[in-house]
Amino acid sequence: MAESRFTVAIRAQYNDHNDKCDIIARKNSEDLTPEQNAIFDQLSDEIKKRYYGAGLIIPENLEGKRVLDIGCGSGSLVFILSKLVGPTGYVVGMDISDKLIETAKSQIEYHQKAWGYSKPNCEFSVGNAEKLDFEPDSFDLIVSNGVYCLCPDKKGSFQSAYSVLKEGGQFYLSDVYAERQLPAEYHDNEFLWSCGAVGAMKWDHLALITKEAGFTTPYLRQVGQAKH
């Protein structure tokens, strides 16, 4: 599959972020349980300083589940979930940025020891949300945080996610949405694509495209409004 030039530009930007990030962003602690906040605080510094401050979405009843994080970055959510699924569960993180994945892989042993596991229960791979390279029906849950607004091929991305989700599985999606689409003259701007502005979906578009992919009607759990 030939990649869009926007995808190439987005990968380059996040690879650059991996090399330059040296701050620890604020997490959405008010939305997390005390247990979840405590787990985040135990993440390694290398992971914390590459967490961009986007809202963490953490499903309930995770023990023993097999989970996929689409667009996992350096793995902050993957490592949190690897604690919550327990030693009988498994979490897979994939991202388009090879450098972020390299960082995530380097921290697997640290978190295995921090959680007290005898062997790792997570893994990471480089991939593209528009064409996931996993076996069909192989995950109980999918999570994704701020990724689909970066995907030029929305239809392919949701169809691919649906294909790897088990029957009755759930998809937890946190993303950037738009009240209205940007004017056409901005649609060719690589910087605006990399910010998620051009690719941000309207809610009715999300409902339509996910239905076409096979999902049930999405429902909204929480919303935050950007401040100008």
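Conventions and cut-offs
Residues numbered from 1 in each chain as written. Predicted model: local features only at pLDDT ≥ 70, side-chain atom pairs only at ≥ 80, totals over all residues. Heavy atoms only, no water. Helix = DSSP H or I, 4+ residues; strand = E, 2+ residues; numbered from the N terminus. Contact = heavy atoms within 4.5 Å. Salt bridge = Lys/Arg side-chain N within 4 Å of Asp/Glu carboxyl O. Buried < 20%, exposed > 50% of the residue type's maximum accessible area, 1.4 Å probe, protein only. Arc of directions from axis to C-beta. Pairing = 2+ DSSP bridges. Axes fitted to C-alpha atoms, helices over the stretch in contact; angles between N-to-C directions. Polar contact = N/O pair within 3.5 Å; in protein donor to acceptor, adjacent residues only side chain to side chain. Right-handed = clockwise from strand over helix to strand, strands pointing away.

Trainee: Summarise the overall build of the protein chain; cite the residues concerned and give the values.
Mentor: When helices and strands are tallied, the protein chain shows nine helices and five strands. Counting helices and strands in the order they occur from the N terminus, the protein chain gives α-α-α-β-α-β-α-α-β-β-α-β-α-α. Overall, the protein chain is about 55 × 40 × 35 Å in size when its C-alpha atoms are taken along their principal axes. Intrachain contacts of the protein chain at a sequence separation of at least 6 include 75% that bridge at least 24 residues.

Trainee: Describe the pattern of salt bridges, and please don't skip the residues or the numbers.
Mentor: Counted according to the given criterion, the structure contains seven salt bridges. Salt-bridge contacts for Lys-113 lead to Glu-109; the nearest nitrogen and oxygen are separated by 3.0 Å. Of this pair, Lys-113 and Glu-109 both sit in helix α6 (residues 108-115), four residues apart, roughly one helical turn.

Trainee: Provide a residue-level description of α6, including the pertinent values.
Mentor: Among the residues of α6, those classed as buried are Ile-108, His-111, Gln-112 and Trp-115. Down the axis, α6 shows its buried residues gathered within 105 degrees of arc, on one side only.

Trainee: Go over the pairing of strand β2 (residues 90-95) with me, naming the residues and quoting the values.
Mentor: When you tally the buried positions in β2, you get five out of six residues, the bulk of the element. Bridging between strand β1 (residues 66-70) and β2 involves five bridges; their strand directions are parallel. If you follow Arg-66 over to β2, its bridge partner there is Tyr-90. Where β2 and strand β3 (residues 122-126) come together, five bridges link them in parallel fashion. For Met-94, the partnering residue across the bridge sits in β3 and is Ser-125.

Trainee: With reference to specific residues and values, describe the sheet that holds strand β5 (residues 165-174).
Mentor: Spatially, the five strands line up as an open sheet ordered β3-β2-β1-β4-β5, and their pairing is parallel. In this open sheet, the two edge strands, each paired with only one partner strand, are β3 and β5. In this sheet, adjacent strand axes meet at a mean angle of 20 degrees when their direction is disregarded. On top of the sheet, helix α4 (residues 76-84) reaches β1, β2, β3 and β4 (139-145); it is set at about 155 degrees to β3, its chief contact.

Trainee: Mind laying out the side chain of Asn-15, listing which residues take part and the relevant values?
Mentor: Along the chain, Asn-15 falls in helix α1 (residues 5-20). For Asn-15, a relative accessible area of 12% translates into the label buried. Within the structure, the side chain of Asn-15 is placed 2.6 Å from the side chain of Ser-97, a separation counted as a polar contact. Apart from residues no more than four positions distant in its own chain, Asn-15 is found in contact with Ser-97, Asp-98, Lys-99 and Leu-100.

Trainee: Requested: an account of the pairing of β4, with residues and values cited.
Mentor: Most of β4 sits inside the fold, with seven of its seven residues counted as buried. Note that β1 and β4 share four bridges and pair parallel. Residue pairing in the sheet places Asp-69 in a bridge with Val-143 of β4. Note: β4 against β5, six bridges, orientation parallel. Paired with Asn-145 across the strands is Ser-174, a residue of β5. Crossover connection from β4 via helix α7 (residues 154-164) to parallel β5: handedness right-handed.

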